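Survey of secondary and tertiary structure
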Amino acid sequence: MRRSYANGMDWVAAGLGAECAATPGGSNHFLLLLTPAGRVEPEAVRALLGSIPEAVRALLHGRWVRAWHLAPYWKPGPPAPVAFSCVASSDWLRAARIYADEPLPPRAALAVRVIDGGGEWRIAFKFSHRLFDGGGAELFLKALFTGDETLWSVFPGCKEPGLNRWGELFGSGTRVNRALRALSAEPISELPNPEGESAGVRFRVAELDAEQIKAKIGQHAGPFMFGTAAAALIARAFDLWRRERFSPGRVFFPMSIDMRLPGDPEPNMWFNQWSCLPLWWEPGEAAPERAWWIAECRRRMLEAMGAGLPKDFREANLLMRILPVGLQGKLAASRFRGGAGSAMFSLIPASSVPAAWEGREFRNLVHLPVMPPRPALGIFCNVFADRLNLVLSWRGGLFRPEEADGLLRLIRRELQWEE
């Protein structure tokens, strides 16, 4: 069988997982929380998980091992059943937080829990970033609910080690370091966490009207600007919130972007197909007007894309795969230094998950990422049906829950274009 080698971002994800070793969840994972209409029969979900092909279950229980040339590849494990459980809780967000703070079973990249909310049911899928990113997890659910065998059969990972392109890889590394060198010149605004690296995860979630927000953005920013304007408005809200609470300094706002090609007939669900588009700004640099934020965000995004930075981030990290995963994690986290001056950001503008399963409608699908101890704060959006789900994920102790509520209110105000 041909080996599935790690790509550059796989080793970043593995390193961030090592950074999470002291947290309650013990790894870098995330939840997809699905809300069906009506009652969920746990045995039906268990039977659905039992329909996953044996080869896929073997991948779900694999691990990274090294070849003789040090490039890591994914070694499938035993085709064990997917871990499944069911709990009753009237507070679904608390139940999701508790589940996020529980470790995945040993060597498992997926576990599933049905949450009985006493009339409203949810299915929580817990994915490991060792094997999935957010877009890939949605494709996995599409394959699961539709039985699309073409999605299962797409070759996982890289087919070649990729360590023999030294010139290209060093070139990418040079360009990435040049782009990020400015971050080392002055301190990033930060808020130390008294609970340290053992803090649990916290969430806040808001459901917004996606079409209303798209219409507002189109009215004020023009057509085809939804993703850019949403990132700019969220960055503006984050800057306003940060200025009121924390020390001044540079703000680092790394944005993850999906590198899958739109309309790809064989999209790859496996491993980490994302990359980073870094945004940052200086204290006092930002103007108050929303138009400035949108124009500046668009300019910086176009510059980064034109310079090929997202591709360079993936290529440069191919060389880092020869490092021990713990050292890779410390290098990946070192850019952030502390919390609250940096916030990971991601937007999934459309969903791959079908609207229904066996005649039962899905009302919503929410992404709940679990943040590493650094940067400890993430702002995430995903669109499902007519909803835009806005999620804050942070490590407990970083700030008070009411401060998180304040940030959520600011972001809602910005996205809804309120004064």
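Shown above is the structure to which this text applies.
Residues numbered from 1 in each chain as written. Predicted model: local features only at pLDDT ≥ 70, side-chain atom pairs only at ≥ 80, totals over all residues. Heavy atoms only, no water.

This part is about the overall build of the protein chain. Per the secondary structure count, the protein chain includes 14 helices and 17 strands. The C-alpha atoms of the protein chain give 21 Å as radius of gyration, which agrees with the globular expectation for 419 residues (22 Å, within 12%). By the burial criterion, 58% of the 419 residues in the protein chain qualify as buried. For the protein chain, long-range pairs separated by at least 24 residues make up 76% of all intrachain contacts whose partners lie at least 6 apart in sequence. Within the structure as shown, the protein chain displays about 17,300 Å² of accessible surface, and the carbon and sulfur contribution to it stands at 55%. The averaged location of the 44 negative side-chain charges in the protein chain is 5 Å from the averaged location of its 50 positive side-chain charges. (Helix = DSSP H or I, 4+ residues; strand = E, 2+ residues; numbered from the N terminus. Rg over C-alpha atoms; globule rule 2.2 N^0.38 Å. Buried < 20%, exposed > 50% of the residue type's maximum accessible area, 1.4 Å probe, protein only. Contact = heavy atoms within 4.5 Å. Areas by Shrake-Rupley, 256 points an atom, 1.4 Å probe, with all protein chains shown as cover. Lys, Arg positive; Asp, Glu negative; His and termini not counted. Charge placed at Lys NZ, Arg CZ, Asp CG, Glu CD.)

A few words now on the pattern of salt bridges. The final tally for this structure, using the stated rule, is 20 salt bridges. A salt bridge links Arg204 to Asp405, with the shortest nitrogen-to-oxygen separation between them at 2.6 Å. Note that Arg204 is positioned in strand β8 (residues 201-209) and Asp405 in helix α14 (residues 401-415), a separation of 201 residues in sequence. Judged by relative accessible area, which is 23%, Arg204 ranks as partly exposed. A residue is classified by how much of its surface remains accessible, and Asp405, at 28% relative accessible area, is partly exposed. (Salt bridge = Lys/Arg side-chain N within 4 Å of Asp/Glu carboxyl O.)

Residue Leu70 is not a glycine yet carries a positive backbone phi of 80°. Although it is not a glycine, Ala385 sits at a positive phi angle of roughly 55°. By secondary structure assignment, the location of Ala385 is in the loop between β16 (377-384) and β17 (387-395). Assessed through its relative accessible area of 58%, Ala385 is described here as exposed.

Further remarks concern the sheet that holds strand β5 (residues 83-88). Strand order across the open sheet formed by six strands is β5-β6-β7-β2-β15-β14, with mixed pairing between neighbours. The open sheet has two edge strands with one neighbour each: β5 and β14 (356-357). As defined by bridge partners, β14 adjoins strand β15 (residues 360-369) across two bridges and the pair is classed as antiparallel. If you follow Ala356 over to β15, its bridge partner there is Glu361. (Pairing = 2+ DSSP bridges.)

Glancing now at the pairing of strand β3 (residues 63-66). Bridging between β3 and strand β4 (residues 72-75) involves four bridges; their strand directions are antiparallel. Within β4, the residue paired with Trp64 across the bridge is Trp74. Following β3, the chain reverses through five residues before pairing antiparallel with β4; Leu70 in that reversal takes a positive phi of roughly 80°.

As a further point, take the packing of helix α9 (residues 210-221) against helix α10 (residues 226-245). Running from N to C, α9 and α10 cross one another at 90°; their axes reach a closest spacing of 10 Å. Comparing the axis directions of α9 and α10 gives the class roughly perpendicular. Residues Ile213, Lys214, Ile217 and Ala221 of α9 touch α10, and the partners they reach there are Phe226, Ala229, Ala230 and Leu233. Grouping the amino acids of the contact of α9 with α10 by side-chain chemistry returns seven nonpolar, no polar and one charged. (Axes fitted to C-alpha atoms, helices over the stretch in contact; angles between N-to-C directions. Parallel < 35°, antiparallel > 145°, perpendicular 65-115°, else oblique. Nonpolar A, V, L, I, M, F, W, Y, C, P; charged D, E, K, R; others polar.)

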